[in-house]
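Descriptive structure summary
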Amino acid sequence: MDKAVTLMQQFLLWALLVLQGKTLPHWNRNDQKKTKVKKKTSNPQFNEIFYFEVTRSSSYTRKSQFQVEEEDIEKLEIRIDLWNNGNLVQDVFLGEIKVPVNVLRNDASHQAWYLLQPRDNGNKSSKTDDLGSLRLNICYTEDYVLPSEYYGPLKTLLLKSPDVQPISASSAYILGEICRDKNDAVLPLVRLLLHHDKLVPFATAVAELDLKDTQDANTIFRGNSLATRCLDEMMKIVGRHYLKVTLKPILDEICESSKSCEIDPIKLKEGDNVENNKENLRYYVDKLFSTIVKSSMSCPTVMCDIFYSLRQMATQRFPNDPHVQYSAVSSFVFLRFFAVAVVSPHTFHLRLHHPDPQTVRTLTLISKTIQTLGSWGSLSKSKSSFKETFMCEFFKMFQEEGYIMAVKKFLDEISSTETKVSSGTSEPVHLKEGEMYKRAQGRTRIGKKNFKKRWFCLTSRELTYHKQPGSKDAIYTIPVKNILAVEKLEESSFNKKNMFQVIHTEKPLYVQANNCVEANEWIDVLCRVSRCNQNRLSSYHPSAYLNGNWLCCLETSENALGCKPCTAGVPADIQIDIDEDRETERIYSLFTLSLLKLQKMEEACGTIAVYQGPQKEPDDYSNFVIEDSVTTFKTIQQIKSVVEKLDEPHEKYRKKRSSSAKYGSKENPIIGKTF
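Residues numbered from 1 in each chain as written. Predicted model: local features only at pLDDT ≥ 70, side-chain atom pairs only at ≥ 80, totals over all residues. Heavy atoms only, no water.

1. Details of the overall build of the protein
Put simply, the rule is: For the purposes of this entry, the term helix denotes a DSSP run of H or I that reaches at least four residues, the term strand denotes a run of E that reaches at least two, and both are numbered from the N terminus. Here the term buried applies to any residue with accessible area under 20% of the maximum for its type, exposed to any over 50%, and partly exposed to those in between, with areas from a 1.4 Å probe on protein chains only. Contacts: residue pairs with any heavy atoms within 4.5 Å of one another.
Helix and strand counts for the protein come out as 19 helices and 20 strands. A total of 675 residues make up the protein; the buried ones form 48% of that total. Partitioning the intrachain contacts of the protein with sequence separation of at least 6 by distance along the chain shows that 67% fall at a separation of at least 24.

Here it is, written out as structure tokens:
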């Protein structure tokens, strides 16, 4: 089951919200979020929205972290703490409110003024009336996820979306068209497609549809379409670790230091030196920029695959613009990813809370500079696009050819199949010597004599190994395009440490490095140059095939599919725990809530088919994208069919739950509403 809680706050000063499990060892103990500080007022309005998902920790042993039991919900509560922000002294606690999640299950929405209570520590000296009150609007959504077999037809229909021509006639695209808020559709859709390796073709197809409507190369992917939202959500999901290793150390330094970086003369505080502030700001910008442009090896493969597709499509759409291949990628990775994460680190889980106002200002200035550097470098503009004079003057420090070349090199590395493994050239990179085992045909026993010292040479096109260093005669050559996976090899395979395997279109190549550092470096660089290969494996065998079977899974066929998901180059915490049934159920709920719009879209298809074009009246379908009315109509019929089949078991479950709840019980309480 999926339990989601949405909170909107309008209350005094600032509040800290905690979704807390009191006694559950397997739950994430709490999920905390904090509003911005409102100064010089005793009655501010925040109008901030926070989303919480009730989930278990990823270490929980059940099917999914989203699988929540009835007894778990009874132990959860939302706690809102109210504090008075102190500039020079410690913040002062004012009061708190506790709302059990189980109470929220009776209504979809709770909106009321709540009296603040003293902290629950036995101190009852404060009177409740003296602590004030705050207003909350709490929306609670509870999903009932049925067994997997019920969602098969809808899941199949959605996963076929990337193959539907045109893409606008697919069920996934139609979902985005009929939902009132596309964001509601994007999250479960992206998760489901990611889980089944279908996101890249779908995102590519909808991005191509965007490009058809783009007339100016300078505005490429600047809108708020289904394509850009899908890519935004994808980058948030798969790019979390990437941001963590790239930005977090520097953001921690910025947030925990007290260096002033204000360069606007109007906003300078008394005693501030604008030149010192400018140097502080440049130091942070240079440090962040340098880290970003050197981070291509950490960029997740899914992001690189999509960036590669965007680059190719943009070049085809604007063949006369030599810079569009870069701006198509920078519009996402700089403008929608790095720049946004810098200015809002808390929303990307890089910082626990919203930074203080001075830090927010510093991060805003850094973000604007990084964003412009990425855009300016990819477009080769001769001047910046800042409106503020002080920012234009500051940006002159970065108008050097080196910054442009660094941006282009970085964009090349994350979006091109011709990745250069050496610094700016295509010259070979000579790796250090290593002991290599090459499979000897027909042998059943492995001994030390099967391992020979070899010298490896890697270019952007091929991996070769030689008997002697510097030798031009290669014993064997593996084209980079033929590499299917690069993974570590279990030590038990040959009783040797620091081994890895290069899986390609022929027999796997087993290599032993001198140490674990070299092994990791080899895996990283080989993954980097081969990550855009079209036929990469999704699974592999972590052990060798010896004596007629794979040592890891004991499969006897040498061509048996791998028994373990490919992970080389992908840090452990980038793995995503996705419950496909839960995501499909959310999509079913969205289709159910949007049946009226689905019906209007169906009628529009009929009108177009009969009259060969949309009519001016009625205007019910003027905002729908309908390229092929016949295919779209057919897909809508399929959607309605699978939704109707799902309605019956869901309704049975609701009736069963309602009939089993006794009058006056916790499930069906007798309460009097006061708001």
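Past the structure itself, the notes keep going.
2. A few points about helix α17 (residues 580–593)
Where we set the bar: Here, expected helix span is obtained from the residue count minus one, scaled by 1.5 Å. Polar contact is defined as a pair of N or O atoms within 3.5 Å, subject to the rule that within protein one atom must be able to donate a hydrogen and the other to accept it, and that residues adjacent in sequence are counted only when both atoms are side-chain atoms.
In this model, α17 (14 residues) spans 20 Å end to end at C-alpha, consistent with the 20 Å of a helix rising 1.5 Å per residue. Of all 14 residues in α17, 10 are buried, a share of seventy percent or more. Of all the positions in α17, only Asp-581, Arg-582, Glu-583, Thr-584, Glu-585, Ile-587, Tyr-588, Ser-589, Leu-590 and Phe-591 are classed as buried. Its side-chain oxygen placed 3.1 Å from the backbone nitrogen of Asp-581, Asp-579 serves as the N-cap of α17.

3. Things to note about the environment of Lys-155
Within the secondary structure, Lys-155 is located in helix α3 (residues 152–159). Sequence spacing of Lys-155 and Glu-583 is 428 residues, and the spatial spacing of their C-alpha atoms is 9.4 Å. Apart from the residues lying within four places of it in its own chain, the contact partners of Lys-155 are Leu-192, His-196, Glu-580, Asp-581 and Thr-584. For Lys-155, the side chain forms a polar contact with the side chain of Glu-580, separated by 3.2 Å.

4. Looking at the packing of helix α12 (residues 324–343) against helix α15 (residues 401–415)
Selection rule: Fitted lines through C-alpha atoms give the axes, limited to the stretch in contact for helices. The angle between two N-to-C directions lies from 0 to 180 degrees. For classification purposes, an angle smaller than 35 degrees is called roughly parallel, one larger than 145 roughly antiparallel, one from 65 to 115 roughly perpendicular, and anything else oblique. Think of it as three bins: nonpolar holds Ala, Val, Leu, Ile, Met, Phe, Trp, Tyr, Cys and Pro, charged holds Asp, Glu, Lys and Arg, and polar takes everything else, Gly as well.
Taken N-terminus to C-terminus, the directions of α12 and α15 make an angle of 95 degrees; their axes are 10 Å apart at the nearest point. Compared by their axis directions, α12 and α15 come out roughly perpendicular. Contacts from Tyr-326, Val-329, Ser-330, Val-333, Phe-334 and Phe-338 of α12 reach α15 at Val-407, Lys-408, Phe-410, Leu-411, Asp-412, Ile-414 and Ser-415. A class-by-class count of the residues in the contact of α12 with α15 yields nine nonpolar, two polar and two charged.

5. Some remarks on α12
So the rule is basically this: Two axes enter the bend calculation: one fitted to the seven residues ending at the residue in question, the other to the seven starting there, and the bend is the angle between them.
A maximum bend of about 40 degrees is found in α12 at Ser-330. Taking burial as the measure, the 20 residues of α12 include 17 buried ones, the bulk of the element.

6. Here's the deal with the pattern of salt bridges
Should the charged atoms of two oppositely charged side chains come close, the side chains can pair. Note the threshold: Here a salt bridge means any side-chain nitrogen of Lys or Arg lying within 4 Å of a carboxyl oxygen belonging to Asp or Glu.
In total, this model carries 24 salt bridges according to the counting rule given. Residues Asp-581 and Lys-155 are paired through a salt bridge, measuring 3.4 Å at the closest nitrogen-oxygen approach. Taken together, the residues span a long stretch of sequence, with Asp-581 in helix α17 and Lys-155 in helix α3 at a distance of 426 residues. As far as burial versus exposure is concerned, Asp-581 and Lys-155 are alike and both buried. A salt bridge links Arg-282 to Asp-286; its shortest N-O distance comes to 3.3 Å. Taken as a pair, Arg-282 and Asp-286 lie in helix α10 (residues 274–293) at a separation of four residues, close to a single helical turn. Given the relative accessible area of 23%, Arg-282 is considered partly exposed. Look at Asp-286 and you get partly exposed, because its relative accessible area is 23%. If you follow the salt bridges from partner to partner, you end up with Arg-79, Asp-81, Glu-96 and Lys-98 in one network.

7. Quick look at the environment of Gly-562
Of note, Gly-562 is situated in the loop between β19 (549–550) and β20 (564–565). For Gly-562, a relative accessible area of 22% gives the class partly exposed. Expressed as a C-alpha distance, the spacing of Gly-562 and Pro-542, which sit 20 residues apart in the sequence, is 8.2 Å. Not counting chain neighbours up to four residues away, the residues in contact with Gly-562 comprise Ser-539, Tyr-540 and His-541.

8. Brief notes about the packing of aromatic side chains
The geometry of an aromatic ring pair is captured by the separation of the ring centres together with the interplanar angle, meaning the angle of the planes. Counted only if it meets this: Stacked, edge-to-face and tilted labels apply to pairs of Phe, Tyr and Trp rings (six-membered ring for Trp) whose centres lie within 6.5 Å, assigned for plane angles under 30 degrees, over 60, and everything in between, in that order. Distance and angle both matter: a charge sits over a ring if NZ of Lys or CZ of Arg is within 6 Å of the ring centre and within 35 degrees of the ring normal.
Inspection of the entire model under this criterion finds 18 aromatic pairs. When the ring of Tyr-242 is compared with that of Phe-338, the centres are 5.6 Å apart and the planes differ by 70 degrees; the resulting orientation is edge-to-face. Separated by 96 residues along the polypeptide, Tyr-242 in helix α8 (residues 240–246) and Phe-338 in helix α12 bring together distant segments of the chain. Summarising the burial analysis for this pair, Tyr-242 and Phe-338 share the class buried. Geometry around Phe-398 places Arg-282 over its ring, the cationic atom sitting 5.6 Å from the centre. Of note, Arg-317 hangs over the ring of Phe-318, and the distance from its end group to the ring centre comes to 4.8 Å.

9. Quick notes on the nonpolar core
Nonpolar side chains tend to gather and get buried jointly when the protein is soluble and globular. Cut-off, in case you're wondering: The criterion is simple. A nonpolar core is a set of buried Ala, Val, Leu, Ile, Met, Phe, Trp, Tyr and Cys residues joined through side-chain atoms within 4.5 Å.
Leu-247, Phe-307, Val-333 and Phe-410 are the most contacted members of the largest nonpolar core, which totals 114 residues. Tallying contributions element by element places α12 first for this core, with 12 residues. Residues Tyr-465, Ile-478, Val-502 and Trp-522 belong to the second largest nonpolar core, which totals 20 residues.

10. What to know about the state of the cysteines
This is how it is decided: The disulfide criterion is simple: two cysteine sulfur atoms within 2.5 Å.
In total, this model carries zero disulfides according to the counting rule given. The thiol of Cys-304 is unpaired, and the distance to the nearest cysteine sulfur, on Cys-299, comes to 3.7 Å. For Cys-304, a relative accessible area of 0% gives the class buried.

11. A word on the pairing of strand β12 (residues 462–466)
Here is the rule we go by: Only strands that DSSP links by at least two bridges are regarded as paired with each other.
Buried residues dominate β12, accounting for four of its five residues. With four bridges joining them, strand β11 (residues 451–458) and β12 adopt antiparallel strand pairing. Bridge assignment links Trp-455 to a residue of β12, and that residue is His-466. As defined by bridge partners, β12 adjoins strand β13 (residues 476–479) across four bridges and the pair is classed as antiparallel. Across the sheet, Leu-463 pairs through a bridge with Ile-478, a residue of β13.

12. Remarks on unusual backbone geometry
A cis amide bond links Gln-165 with the next residue in sequence, Pro-166, at an omega value of -5 degrees. Mapped onto the secondary structure, Pro-166 falls in the loop between α3 and α4 (171–178). Phi at Asn-547 is positive, roughly 55 degrees, even though this residue is not glycine. You can see Asn-547 is positioned in the loop between β18 (545–546) and β19. On the accessibility criterion, Asn-547 (59% relative accessible area) is exposed.

13. Quick look at the confidence of the model for the protein
Inclusion rule: Scored between 0 and 100, pLDDT is the confidence that the predictor attaches to each residue.
The pLDDT averaged across the protein works out to 77; a share of 76% of its residues lies at or above 70. Across residues 614–621, confidence stays below pLDDT 50; counting only partners more than four residues off in sequence or on other chains, it has eight contacts. Predicted confidence for residues 670–675 stays below pLDDT 50, and this span has seven contacts to residues more than four positions away or in other chains.

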